[in-house]
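# Structure assessment
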Amino acid sequence: MNLRILKSAVTNPWFNLATEDWIFQALDANSHTLFLWRNSETVVIGRSQNPWVECKIDKMEADDVFLARRQSGGGAVFHDLGNTNFTFLSPKDSYNQEANFTIIINALKKLGIDAELSGRNDMQVGDKKISGNAFKHAADRSFHHGTLLVNANMQKLGDYLNPHPLKLKAKGIKSVRARVANLIEFNKNINHEVLSNAIIEAFCDYYGETAPVEELDEASLAKQPTLNKYYEQMADWDWRFGKTPEFSHHIETRFDWGIIDLHLDVKQALITDVVIFSDALNVELIDLLKETLIGIKYNKEAIKATFHELGQGHLEVAAQVNDVANWLIGEMEG
């Protein structure tokens, strides 16, 4: 059976996750394919996760950290250039998950690192996790994705994955933290290129064949319309935020003009229902706030713009509207 080896020269996570989808959906399933890649600083969340629960959105934006949502399930992870990611695609009738793990373990052995399978999804060295894995299957093909910690910044993992303590009641999956280690702790000379070459060598050794390494870059988007379509989806706000499972956000505060007890229901990142309890004398203000919030994006920029327009249109309550806007936006900081 033919082998195909793809390697990304791009560190944009939307490109790399789009390439994974392109590989799964569009590439010839009658070959064993290996794809190697890594991302710039990125929080990648699972398909059913809530970014406001999992991530510090504000800090990520300030530090130019990407947010990406993958097609598969699982928890939130932090990627940087210290992670090496691998993807295997095989025909379903010759898919062998154990073979994929063997290839990675053999590659690490070439670098003097003794790793072993831990449970069904992870690999570890000693008692430290060095790799997490996920799987996906279709009628004619099977897909195995994994991440290897090479020299990842563990401090930043904590910086971006420990969320602001919002009063959020979220449906969906929350991440579980594990004891992890970088491969550089076991081989100080290891890096992405060294590891990639070892995986390619182990891949070819296992199947007894060779194949040229195909370098993928931004020009690939122009050559592959399907890949470009997946890229646009991965980069789109509606995919990264709008696919968030339904959740609620409850906050309460006291202004000098009254108490506001605010309950928001959010579905697909749109505010779908608003309940406000208040002892404010101006009942019309409370009605205006409710009417204004329903139907807008659960997004600080959208709320800021909408409340600014509300204040401009109702100057008699502009000060109170501004109070509520600043408070709500502050509480949304993740």
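Our subject in this report is the structure included herewith. (Residues numbered from 1 in each chain as written. Predicted model: local features only at pLDDT ≥ 70, side-chain atom pairs only at ≥ 80, totals over all residues. Heavy atoms only, no water.)

## Some details on the pairing of strand β9 (residues 128–137)
Sheet topology places strand β8 (residues 122–125) next to β9; four bridges connect them, and they run antiparallel. Across the sheet, residue Q124 finds its bridge partner in β9, namely K129. By the bridge criterion, seven bridges tie β9 to strand β10 (residues 141–149) in an arrangement that is antiparallel. Note on β10: the bridge partner recorded for H137 is S142. Counting the residues in the hairpin turn of β9 and β10 gives three residues. (Pairing = 2+ DSSP bridges. Helix = DSSP H or I, 4+ residues; strand = E, 2+ residues; numbered from the N terminus.)

## Describing the layout of surface pockets
Which parts of space are left empty comes out when a probe the size of a water molecule is rolled across the atoms. In this model, the second largest pocket occupies a volume close to 220 Å³. Elements represented by at least two residues in the lining of the second largest pocket include exactly α3 (57–62), β4 (66–69), α9 (237–240) and α11 (300–313). Per-element tally for the lining of the second largest pocket: the top contributor is α3, with four residues. Grouping the constituent residues of the lining of the second largest pocket by class yields 10 nonpolar, two polar and five charged. (1 Å grid on protein atoms, 1.4 Å probe; cavity = no way out; pocket = protein on both sides within 12 Å on 5 of 7 lines; lining within 4 Å. Points joined across faces, edges and corners; volume = space filled by probe spheres on them. Nonpolar A, V, L, I, M, F, W, Y, C, P; charged D, E, K, R; others polar.)

## Quick look at the sheet that holds strand β3 (residues 42–45)
An order of β4-β3-β5 is seen for the three strands of this open sheet, with the pairing classed as mixed. Strands with a single pairing partner mark the edges of an open sheet, and in this sheet they are β4 and β5 (77–79). For this sheet the average axis-to-axis angle between neighbouring strands, irrespective of direction, equals 25°. Taken together, the four bridges between β3 and β4 define a ladder with parallel strand orientation. Residue pairing across strands places V44 opposite A68, the latter belonging to β4. Helix α1 (residues 13–26) rests against β3 and β4 of the sheet, and its axis sits at about 15° to β4. Against the sheet, helix α5 (residues 154–161) engages β3 and β5, with an angle of about 130° to β5. (Axes fitted to C-alpha atoms, helices over the stretch in contact; angles between N-to-C directions. Contact = heavy atoms within 4.5 Å.)

## A short note on the environment of S31
Of note, S31 is situated in strand β2 (residues 31–37). Considering only alpha carbons, one finds S31 and L3, 28 residues apart in sequence, at a separation of 5.6 Å. For S31, the contacting residues outside a window of four places in its chain are M1, N2, R4, L89, S90 and P91.

## Observations concerning the nonpolar core
Of all hydrophobic cores here, the largest spans 45 residues; its most connected members are V43, L262, L264, I271 and L293. In terms of residue count, helix α12 (residues 318–331) provides more of this core than any other element does, six residues in total. Each residue touching L293, except ones within four places of it in the same chain, is listed here: L262, L264, I271, V274, F307 and L328. (Core = buried A, V, L, I, M, F, W, Y, C linked by side-chain atoms within 4.5 Å. Buried < 20%, exposed > 50% of the residue type's maximum accessible area, 1.4 Å probe, protein only.)

## Concerning empty space enclosed by the protein
All told, the structure shown has one cavity of 30 Å³ or more when counted by the stated rule. What the largest cavity holds in volume is close to 110 Å³. Taken together, L17, E20, D21, R70, Q71, S72, A134, F135, K136, F143, H145 and M234 make up the full set of residues lining the largest cavity. Among the elements of the structure, α1, β9 and β10 are those that each provide at least two residues to the lining of the largest cavity. Within the lining of the largest cavity, the residues separate by chemical class into five nonpolar, three polar and four charged.

## Section: the sheet that holds β9
Read from one edge to the other, the open sheet built from eight strands follows the order β7-β8-β9-β10-β6-β2-β1-β12, with strand pairing classed as mixed. Across the chains shown, the open sheet's two edge strands, defined by having one partner strand only, are β7 (116–118) and β12 (213–216). The average angle at which neighbouring strand axes cross in this sheet is 25°, direction not considered. In this structure, β2 lies alongside strand β6 (residues 83–91), joined through five bridges in antiparallel fashion. Along β6, the bridge assignment pairs W37 with N85. The strands touched by α1 within the sheet are β1 (2–8), β2, β6, β9, β10 and β12, with β2 carrying the most contacts at an inclination of about 175°.

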